[in-house]
2 protein chains.
Amino acid sequence: MSKPSASVSRSAPAFRPLDLIRKKRDGGELSSDEIGFLVRAYTDDEIPDYQMAAWLMAIVIRGMSRPELSALTSAMLRSGEVLDLSDIPGAKIDKHSTGGVGDKTSLIIAPIVAAAGVTVPMISGRGLGHTGGTLDKLQSIPGFNIDLSLGEFRRVLKSCGCGLIGQTAEIAPADKKLYALRDVTATVESPNLICASIMSKKLAEGIDGLVLDVKTGSGAFMKTEKDSVHLAELMVETGERMGQKMVALITDMDQPLGLKVGNALEVEECIEVMNGQGPADLREVSLELAAWMLYLAGRTPSVDTGRQLADELIRNRSALKKFREIVVQQGGDPGTIDDPKRLPQAQHRIPMLSPASGFVEAIQCEQVGIASLVLGGGREKKEDTIDPAVGLVLHKKVGEPVQKGEPFCTVHYNSDARLSSAQSLLQQAYRIAEKPRVVRRQLIHRVISGKGAQA
Amino acid sequence: MSKPSASVSRSAPAFRPLDLIRKKRDGGELSSDEIGFLVRAYTDDEIPDYQMAAWLMAIVIRGMSRPELSALTSAMLRSGEVLDLSDIPGAKIDKHSTGGVGDKTSLIIAPIVAAAGVTVPMISGRGLGHTGGTLDKLQSIPGFNIDLSLGEFRRVLKSCGCGLIGQTAEIAPADKKLYALRDVTATVESPNLICASIMSKKLAEGIDGLVLDVKTGSGAFMKTEKDSVHLAELMVETGERMGQKMVALITDMDQPLGLKVGNALEVEECIEVMNGQGPADLREVSLELAAWMLYLAGRTPSVDTGRQLADELIRNRSALKKFREIVVQQGGDPGTIDDPKRLPQAQHRIPMLSPASGFVEAIQCEQVGIASLVLGGGREKKEDTIDPAVGLVLHKKVGEPVQKGEPFCTVHYNSDARLSSAQSLLQQAYRIAEKPRVVRRQLIHRVISGKGAQA
């Protein structure tokens, strides 16, 4: 009268975590199913942190094959919701930057590309450490709401072709859990794990193509061009394997981009650029990234024509008009666009004076980022709150002449207690030489395009 | 009126775990203080499992320098109590085997060496997987108590010069906690971690010298001589750095040692050897190990004279008499020594018949161990209970002739359900060839002696 045992037994798990950890430990290659099992089981709390920590460490040291990396990215992507924007006509294209100091291009290029009729569903991150984050910059605009539900996000995208929000709980929960573990097990610094983390979140946006801005230099996470190129190649190939049009630009982060560093200050500088003004380097990198987005979207037949279109959309104020639309749609005060002085302002300003006459030979970019951080403009820990008003305005960039006693930058600050360490960091960051430095770094070091994105 | 802040602040921990994990991840060398900090903090539950798992995986892949290994061993040793036997006159010497099938020498050599007046404070382990354990064998003697407190152990040592117990909670608690974590994170198979685990427990015995029996071959954990030699060298050097006289014998485990496999069966075979009988290979390896112990203890001027003394102590029944003393001291039934049939006996015996005439070319030793395990003589998981009576008696060893239909071994079993898988394992384990195999493996492959133990 008993049931046959086969029908009552619970089906055994497909794989044993220990076998899979051992395989990677010994330099083996895991199958897509094996990686999918680990990621799903970990996300569902069926595998303990200590097993995943051992596996992650084995990945950091042993590396991953390209198929393994695609499988990991895909499993992390599938751990959450993937936006389906197929009811919105036309191409959907996004841009992702690996982060830098004064790196504010998202606020310029998203409006440009949306003004050209291409949908830009941009889910961004917060600043951490010496780098700023798009969300923090946007939140310096009074009222701007970055915490839209995916439903509201979709409505904004349909209405004005662009939305700028933060990661929601529905997007790639595996990445959230894995990142928290990597953060406490010294397994952050792995190109494979960085690639999977970025790509799993970006591909959840329901896009058709992605332009990567991989920073290189003293203010980037990847200090050398070799490391930047390696990460770029991993991301381009992974995106392509997953059906995306991909291109990566290796751009310079050996000094801050533009002249302003700090949240409200950077929004102000973006408005300057969209008004046809602002610093040349920020404008050039923004136009180049926007051009590639327009080209990947099929909106222009080439990158060159994309650059011309982007330039035109700035000149005729279409980009600025689109930015105003986005701000309004997301609850922000559009008055700040007409009058940027309505953005949060620091109570005090103090110039930093050059101790000698000569030429700016180098700016230690990471130290400039940390100076802004210690003023209150960034976060050391995720829980830290941000002062949107503080920051720096640079008056001199690399190669420019400076006189003794002339201000090379101005500190915007609210707390005397924080001023002195920022000042000393800035003093150390600037290197003044008697003679002008000859070698100028290119803004765009290299373009790494996928097969589907040859210019 | 407030106290100076320096005096009220709690002292910060000396190191940050994340920095130390990162250092090992990148192939760096940790200092003795850094390793000591990690081991102490983990034992005290101040470092979570996931951080230790990441560190262990980095060690498995990156390896350790010899100073790092000594520091790890020392930190694990210092995590618990270290016996002080200085009130017992003369040298204290122990032996440790890396484990094999039919590997029962401890029960023979501990009595020999103690009969020569050398103290042998032997803290042993249980069997796991295909290998047996000294404690399980001893517990097949009715009444034998291996769970002595360290105080009782000391009393037995003083009384008869030898005690045989299991690891107590006071000995190397760091090893206990680390081993449990290694077991579930695929970080067991590391010569460095194996060495630190063994040596931290053995050196807690308060000994002056240690003879290592490192097994090599199909029934050993280290299948190749290269791996066995590597582990032996690590242990010899680590012991020497910690002030011990050290020697390692690389001994053969390509077929079971002796003829009997299973707990009570192995005790019976040890009594045979101590009665001047028993198989030659078991007697030879036991004499060689005992000889080295006597030499390290300074009891004999050379290993050769040690071998002669050991042989004499068997001939004149002093070793058997000492074994009886130990059994009595630890609560066991000495009647089993006079009449081994009083040891637990299996209900059923069945011979395994050779399918062909020829010569035994090879015995897959690990499979023989697993056959004993599946009969109930071993443990797959720590929690498994053991049937002391079951096991195997081999009638043919490698190189011996066998006729078709002649029994090559006899299975002693209590459960019909377990018989057939044991039978099929044994059938697979024996390889019969038409012609006799020429190459005979040496019993003692190599001797690796520390500087303080040159023969």
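Every value quoted in this text rests on a predicted model; they were computed, and no experiment measured them.

Points about the overall build of chain A
Then, number 1: Within chain A, the regular secondary structure consists of 18 helices and 13 strands.
Then, number 2: Rg of the C-alpha trace for chain A: 23 Å, near the compact-globule value of 23 Å for 455 residues, within the 12% margin.
Then, number 3: With respect to the three principal axes, the spread of C-alpha positions in chain A is 95 × 45 × 40 Å.
Then, number 4: Burial statistics for chain A: of 455 residues in total, 57% are counted as buried.
Then, number 5: Within chain A, residue pairs in contact and separated by at least 24 positions form 77% of the contacts whose partners lie at least 6 positions apart.
Then, number 6: Accessible surface computed for chain A: about 18,000 Å², of which carbon and sulfur atoms make up 50%.
Then, number 7: Measuring between centres, the 55 positive side-chain charges of chain A sit 1 Å from its 56 negative side-chain charges.

Brief notes about the relation of the copies chain B and chain A
Then, number 1: If you rotate chain B by 179° and push it 0.0 Å along the axis, it lands on chain A with an RMSD of 0.1 Å. Taken together, these values place the two copies in the relation of a two-fold axis. Taking C-alpha positions as the reference, the residue of chain B nearest the rotation axis is Tyr50 of chain B, at 1.8 Å.
Then, number 2: When the interface residues of chain B are mapped onto chain A, 100% of them again fall at the interface, so both copies present the same face.

Quick word on the confidence of the model for chain A
All names here are of chain A.
Then, number 1: Model confidence for chain A is summarised by a mean pLDDT of 93, while 96% of its residues fall at 70 or above.
Then, number 2: Of the regions scoring below 50 in pLDDT, residues 1–11 engages in one contact with residues more than four places distant in sequence or in other chains.
Then, number 3: Both confidence scores are given for the complex: pTM 0.87, ipTM 0.86.

A closer look at the pairing of strand β3 (residues 162–166) of chain B
Residue and element names in this part refer to chain B.
Then, number 1: With five of five residues buried, β3 is to be regarded as a mostly interior element.
Then, number 2: Pairing geometry for strand β2 (residues 120–124) and β3, over five bridges, is parallel. Directly across from Met122, in β3, lies its bridge partner Leu164.

Some words on the packing of helix α9 (residues 173–183) of chain B against helix α10 (residues 191–202) of chain B
Residues and elements named next belong to chain B.
Then, number 1: As a packed pair, α9 and α10 sit with axes 11 Å apart at the nearest point and diverge in direction by 150°. In terms of their interaxial angle, α9 and α10 are classed as roughly antiparallel. Classified by chirality, the crossing of α10 by α9 is left-handed. Only Leu193, Ile194, Ser197, Ser200 and Lys201 of α10 make contact with α9, whose side of the interface consists of Asp175, Tyr179 and Arg182.
Then, number 2: Class assignment for the residues of the contact of α9 with α10 results in three nonpolar, two polar and three charged.

Describing unusual backbone geometry
Then, number 1: We note that Asp45 of chain A has phi near 60°; this positive angle belongs to a residue other than glycine.
Then, number 2: Within the secondary structure layout, Asp45 of chain A lies in the loop between α3 (32–43) and α4 (49–62).
Then, number 3: In this structure, Arg317 of chain B takes a positive phi of about 65° despite not being glycine.
Then, number 4: With respect to the element layout, Arg317 of chain B can be found in the loop between α14 (303–315) and α15 (318–329).

Description of the interface of chain B and chain A
Then, number 1: Contacts between the two partners involve 21 residues from chain B, matched on the other side by 21 residues from chain A.
Then, number 2: For the chain B face of the interface with chain A, the top three residues by lost area are Arg25, Tyr50 and Ile61 of chain B, together amounting to 34%.
Then, number 3: Salt-bridge contacts for Arg25 of chain A lead to Glu189 of chain B; the nearest nitrogen and oxygen are separated by 2.7 Å.
Then, number 4: Secondary-structure elements contributing two or more residues to the side of chain B that touches chain A are α2 (17–25), α4 (49–62) and α9 of chain B.
Then, number 5: If you tally residues by element for the side of chain B that touches chain A, the top one is α4 of chain B, at ten residues.
Then, number 6: For the side of chain B that touches chain A, the class distribution of residues is twelve nonpolar, three polar and six charged.

Let's talk about the sheet that holds strand β4 (residues 209–216) of chain B
Residue and element names in this part refer to chain B.
Then, number 1: Read from one edge of the open sheet, four strands run β1-β4-β5-β13, paired in mixed fashion. Looking along the sheet, the strands with just one partner apiece sit at the ends: β1 (93–97) and β13 (444–449). Between one strand axis and the next, the sheet turns by 15° as a mean value, whatever way the strands run.
Then, number 2: Relative to β13, strand β5 (residues 245–252) runs antiparallel, the two being bridged by five bridges. Bridge assignment links Leu249 to a residue of β13, and that residue is Val447.
Then, number 3: Where helix α11 (residues 225–241) meets the sheet, its contacts fall on β4, β5 and β13, and the angle it forms with β5 comes to roughly 165°.

Concerning helix α17 (residues 365–377) of chain B
Then, number 1: Taking 1.5 Å of rise per residue, the 13 residues of α17 of chain B would be expected to cover 18 Å, yet its terminal C-alpha atoms sit only 15 Å apart, more than 12% below that figure.
Then, number 2: Buried residues belonging to α17 of chain B abut β6 (260–261), α12 (263–274), β8 (358–363), β9 (391–394), β11 (407–413) and α18 (416–429) of chain B.

What about the sheet that holds strand β13 (residues 444–449) of chain A?
Residue and element names in this part refer to chain A.
Then, number 1: Pairing within the open sheet is mixed, and its four strands lie in the order β1-β4-β5-β13. A single partner strand is all that each edge strand has here, and the edge strands are β1 (93–97) and β13. The sheet shows a mean angle of 15° between the axes of neighbouring strands, direction not considered.
Then, number 2: As defined by bridge partners, β1 adjoins strand β4 (residues 209–216) across five bridges and the pair is classed as parallel. Bridging from a neighbouring strand, Ile93 pairs with Gly209 of β4.

Calculation criteria
Residues numbered from 1 in each chain as written. Chains lettered and ligands numbered in written order. Predicted model: local features only at pLDDT ≥ 70, side-chain atom pairs only at ≥ 80, totals over all residues. Heavy atoms only, no water. Helix = DSSP H or I, 4+ residues; strand = E, 2+ residues; numbered from the N terminus. Rg over C-alpha atoms; globule rule 2.2 N^0.38 Å. Buried < 20%, exposed > 50% of the residue type's maximum accessible area, 1.4 Å probe, protein only. Contact = heavy atoms within 4.5 Å. Areas by Shrake-Rupley, 256 points an atom, 1.4 Å probe, with all protein chains shown as cover. Lys, Arg positive; Asp, Glu negative; His and termini not counted. Charge placed at Lys NZ, Arg CZ, Asp CG, Glu CD. Least-squares fit on C-alpha atoms with pLDDT ≥ 70 in both. pLDDT = per-residue confidence, 0-100. Pairing = 2+ DSSP bridges. Axes fitted to C-alpha atoms, helices over the stretch in contact; angles between N-to-C directions. Parallel < 35°, antiparallel > 145°, perpendicular 65-115°, else oblique. Left-handed = near helix turned anticlockwise from the far one by under 90°. Nonpolar A, V, L, I, M, F, W, Y, C, P; charged D, E, K, R; others polar. Buried area = accessible area lost by both parts, 1.4 Å probe. Salt bridge = Lys/Arg side-chain N within 4 Å of Asp/Glu carboxyl O. Expected span 1.5 Å × (residues − 1).

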